[in-house]
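Given next are the chains, with one letter for each unit.
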Amino acid sequence: MDMSRVAEQGLVLLGCGKMGSAMLAGWLEHGLPASAVWVVDPYPSDWLKAQGVNINTPLPEAPAVVLVAVKPQMMGEALPAIKALGGGRSLFVSVAAGTSIATFEAVLGQGTPIVRAMPNTPAAIRQGITALIGNSVASDNDVALAEGLLSAIGETVRLDDEGQMDAVTGLSGSGPAYVFHLIETLAAAGQAQGLPHELAMKLAKTTVAGAGALAMAAEEDPSQLRINVTSPNGTTQAALEVLMHQEEGFPDLLHRAVKAATDRSKELSRE
């Protein structure tokens, strides 16, 4: 990732909670000098204070990037503080859920390059996936720079239009919680069949983690991997007949879950 411009002109990180900290740790490891980073956060953590970055000090006039990582509900009070940096000299990258590009343009001015991104919580261990979309002013280089910065916490994908962000929120943004609940209920089901709680939980966690890793590593797609492990009239087939039931299994359940999250994301962005 080309950090030289960022190192020279500086990077402003607005908000340094879990997501901000994960990104900052990745950038520092990739060689971004701590002196080139300005963090604005009302409650800096002990970890942050130990990194040698500039915390709550006057900001550079034209940083290369301003990365907005505050919680959506704090967005209103956070944005005016960086209004002076709008206008085109700095690239703005937002990982704040539910805040539209238009909201940023209204505060920062139309000529400001803005990239909106939606990461997810596995970013904390650099296993996240982040979807990005730039506004009309953001160049390919701007989006590439945003991708470079966000690759510190996992993989990135580019969207065709901002309207896709609600569905991304419903799938990958909120998705880790669905998988945590799968682990939780899988372990409970194992317990109901006579396994001790700790053993059932270890089997459930490791099975989900291993299957996910295999799905990422294998050349076949997940439906083929499923077919590969399903022997006719065997145990897996017995379970899949329940799970793959059109009305009562995963197809309908996950469709409704992702739709509910997507619909809620649309509502929130209108509020």
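Reference entry: report on the structure contained in this document. (Residues numbered from 1 in each chain as written. Predicted model: local features only at pLDDT ≥ 70, side-chain atom pairs only at ≥ 80, totals over all residues. Heavy atoms only, no water.)

Right, let's talk about the overall build of the protein chain for a bit. Helices and strands together make up the secondary structure of the protein chain, namely 12 helices and eight strands. Expressed as lengths along the three principal axes of its C-alpha atoms, the size of the protein chain is roughly 70 × 40 × 35 Å. Within the span of the protein chain, comprising 271 residues, buried residues form 38% of the whole. At a minimum sequence separation of 6, the contacts of the protein chain that also span at least 24 residues come to 59%. Split by element, the accessible area of the protein chain, about 14900 Å² in all, is 57% carbon and sulfur. Here the protein chain contributes 17 positively and 28 negatively charged side chains, and the mean placements of these two sets differ by 6 Å. (Helix = DSSP H or I, 4+ residues; strand = E, 2+ residues; numbered from the N terminus. Buried < 20%, exposed > 50% of the residue type's maximum accessible area, 1.4 Å probe, protein only. Contact = heavy atoms within 4.5 Å. Areas by Shrake-Rupley, 256 points an atom, 1.4 Å probe, with all protein chains shown as cover. Lys, Arg positive; Asp, Glu negative; His and termini not counted. Charge placed at Lys NZ, Arg CZ, Asp CG, Glu CD.)

A word on unusual backbone geometry. With the exception of glycine, most residues fall at negative phi, and the peptide bonds are largely trans. Positive phi values are uncommon outside glycine, yet N56 reaches one of about 50 degrees. Of note, N56 is situated in the loop between β3 (54-55) and β4 (65-68). One non-glycine residue, R126, lies in the positive phi region at around 60 degrees. When you line up the elements, R126 lands in the loop between β6 (114-118) and β7 (128-134).

This part takes up helix α12 (residues 250-270). Since there are 3.6 residues in each turn of an α-helix, residues three or four apart along the chain are aligned in direction. When the terminal C-alpha atoms of α12 are compared, their 30 Å separation across 21 residues agrees well with the 30 Å that a helix rising 1.5 Å per residue should span. Contacts from the buried residues of α12 go to α7 (165-173) and α8 (175-192). (Expected span 1.5 Å × (residues − 1).)

In this section: the sheet that holds β4. A sheet is described by the order of its strands in space; here eight strands give the open sequence β3-β2-β1-β4-β5-β6-β7-β8, paired in mixed fashion. Looking along the sheet, the strands with just one partner apiece sit at the ends: β3 and β8 (154-158). Alignment of β7 against β8, held across five bridges, turns out to be parallel. Residue pairing across strands places G128 opposite G154, the latter belonging to β8. Sheet contacts for helix α6 (residues 140-150): β1 (11-14), β4, β5 (91-94), β6, β7 and β8; angle to β8, the most-contacted strand, approximately 155 degrees. Sitting on the sheet, α7 is in contact with β6 and β7, with an inclination near 35 degrees to β6. (Pairing = 2+ DSSP bridges. Axes fitted to C-alpha atoms, helices over the stretch in contact; angles between N-to-C directions.)

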